[in-house]
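# Results of the structural survey
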Amino acid sequence: MSTVKEAVEVEVPVHTAYNQWTQFEEFPQFMEGVEEVRQIDDRHNHWTTKVGGVKREFDTEIVDQLPDERITWRTTTGDTKQKGTVHFERLDDTHTRVELVMDIEASGIEKAGDMLGMIDRRVKGDMRRFKEYMEKRGGESGAWRGRIRPGE
């Protein structure tokens, strides 16, 4: 299992960065290889990705979500097992540090890509694109402020 970690400082308030991250269906706008994210309910999403010409579908479950602080998830189906947390840290009224930490157990072509550092580079690019996406927008397109507690 590989751990990937990346952080960016985004020039928006913490609630704006957090609110936008809860808009999972917009992830394809800044995440490379993500073709579609369909939100099933408050906890579950269905993902369609295409990496290295290989299309994959999998489901994720949010296991912990605390507004303006963190969102933690894990995969529940699919070949690639992953879990992760995105943390939001208020730096001041107009700046937020967004840190993504993911544990990925890749399979197939993703395993070779992981050994070559491709997953790490993709996550770094996704975080950079999230920063650009947010700073260009200036505001969030929506929000979900609910609380999900581990074990609920």
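Residues numbered from 1 in each chain as written. Predicted model: local features only at pLDDT ≥ 70, side-chain atom pairs only at ≥ 80, totals over all residues. Heavy atoms only, no water.

### Some points on empty space enclosed by the protein
A full pass over the atoms with the stated rule returns one cavity of 30 Å³ or more. The computed volume of the largest cavity comes to approximately 520 Å³. Where the lining of the largest cavity is concerned, the elements lending two or more residues are strand 3 (44-51), strand 4 (54-66), strand 5 (70-75), strand 7 (95-105) and helix 3 (118-137). Taken together, the residues that form the lining of the largest cavity break down as 16 nonpolar, six polar and five charged. (1 Å grid on protein atoms, 1.4 Å probe; cavity = no way out; pocket = protein on both sides within 12 Å on 5 of 7 lines; lining within 4 Å. Points joined across faces, edges and corners; volume = space filled by probe spheres on them. Helix = DSSP H or I, 4+ residues; strand = E, 2+ residues; numbered from the N terminus. Nonpolar A, V, L, I, M, F, W, Y, C, P; charged D, E, K, R; others polar.)

### Quick notes on the pattern of salt bridges
By the definition in use, this model includes 18 salt bridges. In this structure, the salt-bridge partner of Arg 129 is Glu 32, at a minimum N-O distance of 3.7 Å. One end of the pair, Arg 129, is in helix 3; the other, Glu 32, is in the loop between helix 1 (14-21) and strand 2 (34-39), and 97 residues separate them in sequence. By relative accessible area, which is 22% here, Arg 129 ends up partly exposed. Its relative accessible area of 46% is what places Glu 32 among the partly exposed residues. The partner of Arg 70 in a salt bridge is Asp 64, with the nearest N and O atoms 2.6 Å apart. For Arg 70, a relative accessible area of 22% translates into the label partly exposed. Accessibility expressed as a relative area gives 9% for Asp 64, which makes it buried. (Salt bridge = Lys/Arg side-chain N within 4 Å of Asp/Glu carboxyl O. Buried < 20%, exposed > 50% of the residue type's maximum accessible area, 1.4 Å probe, protein only.)

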